[in-house]
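What follows is each chain in one-letter form.
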Amino acid sequence: MKVLVPIKRVADPANANKVKVAGSEVSHDGLEWVMNPFDEWSLEAALRLTEDASAKTRTGEIVVVSIGPKAAVDTLREAMGKGAERGVLVDGEDTALDSNVVAQILAKVVEKEQPDLVLMGKQSADGDSNIAGTKLAELLGWPVINYASHIETSDDGKTLTIKRELDVGVQTLKVQGPAVITCSDRILKPGTIKNGVTPADFEYPDLGDLNSRLSNLKNIMAARKKPLDELGLGDLGVEPVRVDEYVGFELPAGRSGQAQFLESVDELVQKLQSEAKVL
Amino acid sequence: MKKRRYLFEAEAHEALRAEIRKFSRNEIAPHAHAWDEAEEFPRELYAKAGEAGILGVGYPEAVGGDGGDLSHVLVAAEEMVLEGKSVGTCVGLGSHGIALPPIVSFGTPAQKERFVAPVLRGEKIAALAITEPGGGSDVAALRTRAVRDGDDYVVDGAKTFITSGTRADFVTTAVRTGGPGHGGISLLVIERGTPGFHVSKKLKKTGWWASDTAELTFEGCRVPAENLLGRENAGFVAIMMNFVTERLFLAGQCVAIAELAYRETVAYTQQREAFGKKLTGFQVTRHKLADMASRIAAARALTGECVARYLKGEQDAGLAAMAKNTATDACVAVCDQAVQLHGGYGYMREYVVERLYRDARLYPIGGGTREIMNEIIAKMEGY
């Protein structure tokens, strides 16, 4: 199975307090870049789909693709350190992208790579638009399933049985590949991926608060030598059209930092209802 | 605040830092305070660190490691201190860093298979035992005796200040197999459970609380002769070689601890207000912080130079001693000022800098005292 995993680098959400905005621009000065956590979930799912975890061998191929400046190579190498076989960097400026541009570029990459599956983050931790995956599927004419919590492949790998955890219960869908799938964080739990190769009783370690597996130094070194293509938009023959226009950004109002001590739970509930109006 | 790196660092170091950062934030930082107070971290952490490939950094793949060299070890340790914020946990997890190199360098293939690989997988804990209750710095005078008897050595004596000693599965132990002086010393791997091997005391310390430290005694302890590392009576050179890298580890830890204390202090002084403005609004605060940053940068530069030279094959014991003293002094001074700038909170156990201040005090003593370092420097300088 060949899986394409689009990966975006985002400013480390842990540094949110360092973000500076000016008009329609968000300043990236002094921020550290990390892999979009939502993409990490999908990468982890893709890794589990394409390996024999028990024998610690790879059984399929993962191509990670990112759109960004040269420095985004680090994020692709990170993904390759975790196990992805190849990387594709499409030249682009972080501030020049919106979900539509991303979907149009990715559609061209999909045409070129012909994967069996695109597994991507349901959103990015910076823009939170939640559009690119669905838009990509529309451009490709592929089925799209968002917020997958379980993925099981048929013996020939063509049919996927996917579960989605919704407020009303668990929905099970069957889909013929190729398809676009986005994942929820439930996908990181043990036993959520069945690929017919990893023994059914294999227990993945609990990742805790991690968004995907760690890679060790050996794999980090090996990732430096894995193939990585750098493409311009011209190479892909695409002139993406931007739909969104960023008009302005504002930081959220600072918190007062004031604490109030209450005497009882009843009083808390009452205040949450009448003052905070969150209940 | 600029995040500074060693001059020797390349892309792979940054990638390694990123992985260690994630591990440390996830597995260590949430428990840093509790483990220090409990004077122990859970044994399972070794397995987790082994699984994540952290214990194998700096060890060749042939012995079960993940490759890399001293530069990667320093960077991994720094990131673990910076993001895990528990020096005790880091030094406990890293005690194999001084216990295994003599086995990797002088051990037989069978010894490497038995002792190195399981430690790097996090299944076994390794410790190094050189210091004795009767003397630490004077290694050539050590008194723990190992007498050959058939296929065994019979070991009698005591060792103290042994990091990870209370739960180590084996201890790389310096013993006297020959006459007095440095020519009579050997290294023997002594396994936990060997009759006559006792953990006589778990020691209470000023700092490094999360790491256990033990006093060990050997009473007629029969150790198979196959556990001898290298040739009999040739252990002193192995110990001395090990000391050079240990000093660079310790210098690296000092840089890391000082850096953490500095970061904590910058963050604190940027939000703490007094007399109507932030502490960083006062020139005295900014100048103190500038001095801290300068001392760390200097210590980092010298430590980094020493590592780079070591990796080029230059063995410069004098420069390693200078690096250790420079980094130690920087660490002690920076942690002291970090507490000062935190005011009363700096004296409270719930603040990271209070812990670092106590942790820092070890470094001018452990791994060769500040005074012994100066002796080495004087000797190498030829006066």
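Here's a quick rundown of the structure. (Residues numbered from 1 in each chain as written. Chains lettered and ligands numbered in written order. Predicted model: local features only at pLDDT ≥ 70, side-chain atom pairs only at ≥ 80, totals over all residues. Heavy atoms only, no water.)

1. Description of the overall build of chain A
Scanning chain A for helices and strands turns up seven helices and 16 strands. Here the C-alpha radius of gyration of chain A, 21 Å, is about what a compact globule of 279 residues would show, namely 19 Å. Principal axes of the C-alpha set define a box for chain A whose edges measure 60 × 45 × 40 Å. Counting over 279 residues, chain A shows a buried share of 46%. Taking contacts inside chain A between residues at least 6 apart in sequence as the whole, the part at least 24 apart equals 71%. Counting every atom, chain A has about 14400 Å² of accessible surface; 49% of that belongs to carbon and sulfur. Chain A carries 32 positive and 44 negative side-chain charges, and their two centres are separated by 4 Å. (Helix = DSSP H or I, 4+ residues; strand = E, 2+ residues; numbered from the N terminus. Rg over C-alpha atoms; globule rule 2.2 N^0.38 Å. Buried < 20%, exposed > 50% of the residue type's maximum accessible area, 1.4 Å probe, protein only. Contact = heavy atoms within 4.5 Å. Areas by Shrake-Rupley, 256 points an atom, 1.4 Å probe, with all protein chains shown as cover. Lys, Arg positive; Asp, Glu negative; His and termini not counted. Charge placed at Lys NZ, Arg CZ, Asp CG, Glu CD.)

2. Remarks on the interface of chain B and chain A
Taken together, the 19 residues of chain B in the interface contact 21 residues of chain A. For the pair chain B and chain A, the summed buried area comes to about 1700 Å², and 52% of that belongs to carbon and sulfur atoms. It is Glu19(B), Asn26(B) and Asp66(B) that lose the most area in chain B upon contact with chain A, and together they represent 31% of the buried surface on that side. Inspection of the region where chain B meets chain A yields five salt bridges. Salt-bridge contacts for Lys22(B) lead to Glu78(A); the nearest nitrogen and oxygen are separated by 2.5 Å. Counting across the interface, chain B meets chain A through eight residue pairs in polar contact (both at pLDDT 80 or more). Looking at which element gives the most residues to the side of chain B that touches chain A, the answer is helix α1 (residues 11-27) of chain B, with nine residues. Residues of the side of chain B that touches chain A, tallied by class, amount to six nonpolar, five polar and eight charged. (Buried area = accessible area lost by both parts, 1.4 Å probe. Salt bridge = Lys/Arg side-chain N within 4 Å of Asp/Glu carboxyl O. Polar contact = N/O pair within 3.5 Å; in protein donor to acceptor, adjacent residues only side chain to side chain. Nonpolar A, V, L, I, M, F, W, Y, C, P; charged D, E, K, R; others polar.)

3. Thoughts on helix α3 (residues 99-113) of chain A
Residues and elements named next belong to chain A. Relative to the 21 Å expected for 15 residues at 1.5 Å per residue, α3 spans 20 Å between its end C-alpha atoms, a close match to the ideal helical length. The buried fraction of α3 is high, at twelve of 15 residues. Among the residues of α3, Ser99, Asn100, Val101, Val102, Ala103, Gln104, Ile105, Leu106, Ala107, Val109, Val110 and Glu113 are the ones counted as buried. Residues of α3 that are buried in the fold lie against β1 (2-6), β8 (61-68), β9 (86-91), β10 (117-121), α4 (132-140) and α6 (233-236). A side-chain oxygen of the first residue of α3 lies 3.1 Å from the backbone nitrogen of Asn100; this N-cap is Asp98. A positive backbone phi angle near 50° is found at Gln114, which sits one or two residues after α3. (Expected span 1.5 Å × (residues − 1).)

4. Let's talk about the packing of aromatic side chains
Overall, the coordinates contain eleven aromatic pairs over all chains when judged by the stated rule. A centroid spacing of 4.9 Å and a plane angle of 65° characterise the contact between Phe38(A) and Trp41(A), whose relative ring orientation is edge-to-face. One end of the pair, Phe38(A), and the other, Trp41(A), are both in helix α1 (residues 37-49), three residues apart, so they sit about a helical turn from each other. For the pair formed by Phe38(A) and Trp41(A), the shared burial category is buried. Judged by centre distance (6.3 Å) and plane angle (85°), the ring pair of Tyr268(B) and Tyr351(B) falls under edge-to-face. Residue Tyr268(B) is located in helix α9 (residues 235-271), and its partner Tyr351(B) is located in the loop between α11 (317-342) and α12 (352-360); the two are separated by 83 residues in the primary sequence. With relative accessibility at 7%, the residue Tyr268(B) sits in the buried group. (Phe/Tyr/Trp six-rings, centres within 6.5 Å; stacked < 30°, edge-to-face > 60°.)

5. Remarks on the nonpolar core
Nonpolar side chains tend to gather and get buried jointly when the protein is soluble and globular. Core analysis: the biggest nonpolar cluster contains 154 residues, and Val64(A), Leu119(A) and Ile151(A) have the highest contact counts within it. Tallying contributions element by element places α9(B) first for this core, with 18 residues. Aside from chain neighbours lying at most four places away, what touches Ile151(A) is Leu49(A), Leu119(A), Leu160(A), Thr161(A), Ile162(A), Ile181(A), Ile187(A), Thr192(A), Ile193(A) and Lys194(A). Counting 26 residues, the second largest nonpolar core, distinct from the first, contains Val102(A), Val109(A), Leu136(A) and Val180(A). (Core = buried A, V, L, I, M, F, W, Y, C linked by side-chain atoms within 4.5 Å.)

6. Thoughts on the environment of Asp185(A)
All names here are of chain A. Examined against the element boundaries, Asp185 turns out to sit in the loop between β14 (179-183) and β15 (193-194). A relative accessible area of 39% places Asp185 in the partly exposed class. Note: C-alpha distance between Asp185 and Phe38 (147 residues apart in sequence) is 7.8 Å.

7. Brief notes about the pattern of salt bridges
Residues and elements named next belong to chain B. On inspection of all chains with the given rule, the structure shows 49 salt bridges over all chains. The shortest N-O distance in the salt bridge between Glu39 and Lys204 comes to 3.3 Å. Remark: Lys204 occurs in the loop between β6 (197-202) and β7 (213-224) and Glu39 occurs in the loop between α2 (32-38) and α3 (44-51); sequence separation between them is 165 residues. One continuous salt-bridge network, built from bridges that share partners, spans Arg5, Glu9, Glu14, Arg17, Arg21, Glu78, Glu79, Glu259, Arg263 and Arg300.

8. Side note on the environment of Trp41(A)
All names here are of chain A. The buried category is assigned to Trp41, whose relative accessible area is 10%. The sequence separation of Trp41 and Ala132 amounts to 91 residues, and the corresponding C-alpha distance is 16 Å. In this structure, Trp41 is in contact with Lys122, Cys183, Ser184, Asp185, Ile187, Leu188 and Asn211, ignoring residues within four places of it in sequence. Reaching out from Trp41, the side chain makes a polar contact with the side chain of Asn211 at a distance of 3.0 Å.

9. Regarding the pairing of strand β11 (residues 144-153) of chain A
All names here are of chain A. Sheet analysis places β11 next to β14, joined by three bridges and oriented parallel. Looking at the pairing, Ile145 lines up with Ile181 of β14. Judged from the five bridges that link them, β11 and strand β12 (residues 159-166) form a sheet pairing that is antiparallel. When the bridges of β12 are listed, Glu152 appears paired with Thr161. Between β11 and β12, which pair antiparallel in sequence order, lie five residues; one of them, Gly157, sits at a positive phi of approximately 75°. Relative to β15, β11 runs parallel, the two being bridged by two bridges. Residue pairing for β15: Ile151 is matched across the bridge by Ile193. (Pairing = 2+ DSSP bridges.)

10. Examining the packing of helix α2 (residues 73-82) of chain A against α1(B)
At their nearest, the axes of α2(A) and α1(B) sit 11 Å apart, and the two run at 65° to each other. Judged by the inter-axis angle, α2(A) sits roughly perpendicular to α1(B). Like other packed secondary-structure pairs, α2(A) and α1(B) cross with a definite hand, here right-handed. Across the interface between the two elements, Asp74(A), Glu78(A) and Lys82(A) from α2(A) touch Glu11(B), Glu19(B) and Lys22(B) from α1(B). Of the residues assigned to the contact of α2(A) with α1(B), the class counts are no nonpolar, no polar and six charged. (Axes fitted to C-alpha atoms, helices over the stretch in contact; angles between N-to-C directions. Parallel < 35°, antiparallel > 145°, perpendicular 65-115°, else oblique. Left-handed = near helix turned anticlockwise from the far one by under 90°.)

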